[in-house]
Amino acid sequence: MTPQQINAARRAAACPRELSVFSLTARGGEERARALFRALADRGPVHWDPYVAAWLVCGPTEAAAVLADPRFSAHRASYTATEPAAKPAKPTASAATASAVTEPAVTASIEPAVTEPTADPVDPAAVEPVESTATVASAATASTVAEPAAEPVESAVTRPTATVASASTVAEPAVTEPVESAVTRPTVTASIASTAAATVPTATASIEPAVTASTATGPAPTAPTEPTEPGATDLDAMAARMMLSTDGPDHQRLRRLVQVVLSPRRIRALEPWMRELAAELLPAAPVTLDFAGVAAAFPLRVLGRLLGLPDEDLPLLRAGSDAITDIVGGLNPATDATVLARARALHAYAIDLVHSRRATPTEDGATAFITAAADLPDEDIAANLVMLIASGHQTMPGFLTLSLHHALDNPGTPPHTVPEALAHTTPSRFVGRVATTRATLAGHQIEPGDSVLVLLASANWSADAPPPARHLSFGIGPHRCAGAAMAELEATVMFDRLAQVCPTRASAEPAPHNGNSNLPALTSLPVTLNPTESR
């Protein structure tokens with residue numbers, strides 16, 4: 001197709017301005033997000049969004065096809081490692097045939113996500129889409145694979161046969177805010193270490209985890225007391241080393257290492273302690289508490305227990321992982337210097353953890369991962385520890401608060417099972433991919449380098465959505481959430497405990513929302529526990 005034909009096809013497939021996903025940055029909130037994702041699903045399975053220069057995949061069949069198709073890469077061209085050995089392999093037709101491995105996993109998705117800015121973002125109403133004179137969206141100037149001489153088989157629009165187990169928060173590539181220039185065009189990829197002309201402050205839930213005496217048995221790495229000097233860590237290079245940024249054999253290799261930490265044995269061994277923790281956070285007494293704090297503390301302390309990290313380090317881990325997810329993806333990636341410094345501090349912590357556990361191994365998940373990854377450079381090991389930490393507790397607070405809020409607002413209906421709640425909430429609303437070859441999806445031609453946003457929420461909430469047990473909240477295919485099994489266990493434990501303590505609303509005030517269109521959560525949910533009512 002010529003550039004003119006491509007632009008004409010995109011105009012024909014374009015969603016109206018009010019349905020652009022970028023509009024969520026100007027008019028956020030849970031109700032607005034639900035209305036938009038459902039409207040996009042009702043409008044059709046695939047749309048072109050000119051305000052973020054990306055294809056929006058909304059249909060469940062099409063979403064599953066993209067996630068399982070190796071032609072749609074998770075590697076973002078803006079990520080470049082400094083050392084050649086650390087660069088992720090570029091996917092090829094043969095190398096990218098990663099099998100759909102179903103894995104046990106950690107609390108949330110291994111795909112990080114993001115919080116939204118508090119500053120007034122640009123409204124797409126003020127941004128006019130600009131037609132491209134090239135065949136590639138500006139976000140993907142580096143096509144990862146040369147187009148083959150023969151046109152590839154059109155993308156399967158039949159649902160892949162891989163089972164979609166319940167999953168968690170796959171949150172991925174970023175959509176940058178439009179930048180004023182001669183040609184204004186938002187893109188779907190942002191450099192992690194870049195800073196915009198205007199600093200965009202971010203909003204994060206102000207819930208401090210409950211910290212108790214350390215449960216770790218191994219030596220604790222030294223927690224940096226001051227943020228690492230900006231520039232000390234190349235965050236783009238760090239992101240390029242993460243499992244979530246790789247495809248094909250490189251991804252499979254890193255995934256096998258992650259599974260060492262998230263083995264079924266380790267997950268099962270945690271369950272008794274997790275139930276004790278749930279009982280500690282939700283006591284069998286008629287007390288009033290903020291469930292948002294419980295929902296934040298629970299997965300963070302589980303993560304610390306899994307990796308063998310002392311409780312006193314949890315505030316640093318939370319601040320650093322919040323920063324990583326603010327930077328890595330979403331509609332407005334953070335560029336604030338303080339956020340970048342916190343991300344670098346977490347990386348410094350991970351480097352120190354590699355050294356301390358190698359010198360004094362212990363029986364914990366961190367040691368298991370570091371030992372299994374002994375043939376990798378320390379920077380690669382640290383980058384994937386950062387990924388595990390950042391993704392291990394980011395989506396569970398939103399899932400728990402929104403699920404309980406829904407149950408409290410609908411007292412006459414049976415409570416959701418865990419799969420039903422995962423489908424209804426969809427903790428991570430969208431994930432990103434980049435097309436590496438030409439493909440056809442629902443009658444639309446996707447060009448090499450085109451950015452694609454798979455709207456998991458639209459797929460789960462469409463009229464053609466699969467049954468709850470086959471929801472797409474954790475994704476499907478090679479990049480299916482590695483932490484799905486852990487997330488399901490955490491959800492089960494908390495749902496069981498909530499049924500025992502019977503919470504009721506303690507405030508008539510509307511529950512405040514974090515404003516994050518991708519990883520929604522309530523920042524406060526006061527409840528009163530009524531344990532006698534469960535008998």
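The structure under discussion appears in the preceding block.
The structure displayed is predicted, hence computed values, not measured ones. (Residues numbered from 1 in each chain as written. Predicted model: local features only at pLDDT ≥ 70, side-chain atom pairs only at ≥ 80, totals over all residues. Heavy atoms only, no water.)

A.B. asks: Could you give an account of the sheet that holds strand S9 (residues 504-505), naming the residues involved and the relevant values?
C.D. replies: Strand order in the open sheet made by the 3 strands is S4-S10-S9, with antiparallel pairing throughout. Among the strands making up the open sheet, the edge pair consists of strand S4 (288-290) and S9. In this structure, S9 lies alongside strand S10 (residues 526-528), joined through 2 bridges in antiparallel fashion. Across the sheet, residue arginine 505 finds its bridge partner in S10, namely valine 527. The strands that helix H7 (residues 291-307) touches are S4 and S10; relative to S4, the one it contacts most, it runs at about 55°. (Pairing = 2+ DSSP bridges. Helix = DSSP H or I, 4+ residues; strand = E, 2+ residues; numbered from the N terminus. Contact = heavy atoms within 4.5 Å. Axes fitted to C-alpha atoms, helices over the stretch in contact; angles between N-to-C directions.)

A.B. asks: Hey, could you go over the packing of helix H9 (residues 337-359) against helix H11 (residues 378-391) for me, with residue numbers and the actual values?
C.D. replies: Two elements in contact, H9 and H11, have axes separated by 8 Å at closest approach and are oriented at 115°. The handedness of the crossing between H9 and H11 comes out as right-handed. Residues Leu346, His347, Ala350, Ile351, Leu353, Val354, His355 and Arg358 of H9 lie in contact with H11, whose contacting residues are Asp378, Glu379, Ile381, Ala382, Leu385, Val386 and Ile389. Residues that form the contact of H9 with H11 fall into these classes: 10 nonpolar, 2 polar and 3 charged. (Left-handed = near helix turned anticlockwise from the far one by under 90°. Nonpolar A, V, L, I, M, F, W, Y, C, P; charged D, E, K, R; others polar.)

A.B. asks: Give a description of H7 that names residues and reports values.
C.D. replies: Since the α-helix turns once every 3.6 residues, residues separated by three or four places project in the same direction. Its 17 residues give H7 an end-to-end C-alpha distance of 25 Å, which sits within 8% of 24 Å, the value for a rise of 1.5 Å per residue. The buried fraction of H7 is high, at 16 of 17 residues. The N-capping residue of H7, defined by a side-chain oxygen 3.0 Å from the backbone nitrogen of alanine 292, is aspartate 290. Of the residues one or two after H7, glycine 308 is the one with positive phi, at around 80°. (Expected span 1.5 Å × (residues − 1). Buried < 20%, exposed > 50% of the residue type's maximum accessible area, 1.4 Å probe, protein only. Polar contact = N/O pair within 3.5 Å; in protein donor to acceptor, adjacent residues only side chain to side chain.)

A.B. asks: Just give me the short version of the packing of aromatic side chains, but keep the residues and values in it.
C.D. replies: Counted under the stated rule, the structure contains 3 aromatic pairs. A ring pair is formed by tryptophan 48 and tryptophan 55, whose centres lie 5.2 Å apart and whose planes are at 65°; its orientation type is edge-to-face. No difference in accessibility class separates tryptophan 48 from tryptophan 55, as the two residues are buried. Considering the side-chain rings of phenylalanine 399 and phenylalanine 495, the 5.8 Å spacing of their centres and the 5° angle between planes classify their relative orientation as stacked. Pair noted here: phenylalanine 399 is in helix H12 (residues 396-409) and phenylalanine 495 is in helix H15 (residues 484-501), with a separation of 96 residues, a long-range link. Given the relative accessible area of 1%, phenylalanine 399 is considered buried. Its guanidinium or amino end placed over the ring of tryptophan 461, arginine 34 lies 4.2 Å from that ring's centre, counting from NZ or CZ. Positioned above the aromatic ring of tryptophan 461, the side-chain terminus of arginine 38 is 5.4 Å from the ring centre. (Phe/Tyr/Trp six-rings, centres within 6.5 Å; stacked < 30°, edge-to-face > 60°. Lys NZ or Arg CZ within 6 Å of the ring centre and 35° of its normal.)

A.B. asks: Residues and numbers for the pattern of salt bridges, please.
C.D. replies: The final tally for this structure, using the stated rule, is 14 salt bridges. Residues arginine 318 and aspartate 322 are paired through a salt bridge, measuring 3.6 Å at the closest nitrogen-oxygen approach. Taken together, the residues arginine 318 and aspartate 322, both in helix H8 (residues 314-328) and 4 residues apart, mark about one turn of the helix. Judged by relative accessible area, aspartate 322 falls into the buried class, the value being 15%. Between arginine 358 and aspartate 378 there is a salt bridge; the shortest N-O distance is 2.9 Å. Of this pair, arginine 358 sits in helix H9 while aspartate 378 sits in helix H11, placing them 20 residues apart in sequence. The class for arginine 358 is partly exposed, based on a relative accessible area of 40%. (Salt bridge = Lys/Arg side-chain N within 4 Å of Asp/Glu carboxyl O.)

A.B. asks: Which residues make up the pairing of strand S8 (residues 451-455), and what are the values?
C.D. replies: By the criterion of burial, S8 is predominantly enclosed, with 5 of the 5 residues buried. Side-chain alternation along S8 places Ser451, Leu453 and Leu455 on one buried face and Val452 and Val454 on a second face that is also buried. With 3 bridges joining them, strand S2 (residues 54-57) and S8 adopt parallel strand pairing. Among the inter-strand pairings, valine 57 is bridged to a residue of S8, identified as valine 454.

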